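# What the coordinates show
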Amino acid sequence: MITWFSRLYRYKNPIYKILLFLVSTWLLVNLFSKKQNFKCELKKKQVWNHTDLTPFDFASLKPREEYNKEVKLAIDNIFFF
């Protein structure tokens, strides 16, 4: 019993550091973790019903030529390892 207390006393600094780390981590996680749930209902073949998807509410259609040019540019800039 005495050796157990003497061993505990000898390693008190690392024990305090570990306890301080664990307590501070627990406090940070509990203080700064706020649940921000976004409830969405996904259904096939239906329009997106939420307003926070884009800053505008209309479709941005491009001419076919501009779209094909951007696709070709993206394909040409692919970097293979």
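About the cut-offs
Residues numbered from 1 in each chain as written. Predicted model: local features only at pLDDT ≥ 70, side-chain atom pairs only at ≥ 80, totals over all residues. Heavy atoms only, no water. Helix = DSSP H or I, 4+ residues; strand = E, 2+ residues; numbered from the N terminus. Buried < 20%, exposed > 50% of the residue type's maximum accessible area, 1.4 Å probe, protein only. Areas by Shrake-Rupley, 256 points an atom, 1.4 Å probe, with all protein chains shown as cover. Salt bridge = Lys/Arg side-chain N within 4 Å of Asp/Glu carboxyl O. Patch = residues over 30% accessible without salt bridge, like charges linked within 9 Å, V, L, I, M, F, W, Y side chains within 5 Å. pLDDT = per-residue confidence, 0-100.

### A closer look at the overall build of the protein chain
Broken down by element type, the protein chain carries 3 helices and 0 strands. Helices (α) and strands (β) of the protein chain occur, in sequence order from the N terminus, as α-α-α. Taking all 81 residues of the protein chain together, the buried fraction comes to 0%. When the accessible surface of the protein chain is totalled, it reaches about 9,200 Å², and 65% of it is carbon and sulfur.

### Quick word on the pattern of salt bridges
Oppositely charged side chains can pair when the atoms bearing their charge come close. Counting across every chain of the model gives 2 salt bridges. For glutamate 70, the salt bridge is made with lysine 62, and the minimal N-O distance between the two is 2.6 Å. Residue classification places glutamate 70 among the partly exposed positions, given a relative accessible area of 36%. Residues lysine 72 and aspartate 76 are paired through a salt bridge, measuring 3.0 Å at the closest nitrogen-oxygen approach. On the criterion of helical spacing, the pair formed by lysine 72 and aspartate 76 is a turn pair, its members being 4 residues apart in helix α3 (residues 64–76).

### Remarks on a nonpolar patch on the surface
Taken together, Trp4, Phe5, Leu8, Tyr11, Ile15, Tyr16 and Leu19 make up a surface patch of nonpolar side chains, about 740 Å² in accessible area. In this structure, tryptophan 4 sits in helix α1 (residues 2–10).

### Examining the confidence of the model for the protein chain
Residues shown with low pLDDT carry predicted positions that ought not to be read at fine detail. Per-residue confidence for the protein chain gives a mean pLDDT of 79, with 75% of residues at or over 70. Mean pLDDT per element in the protein chain: α1 is the minimum at 75, and α3 is the maximum at 91.

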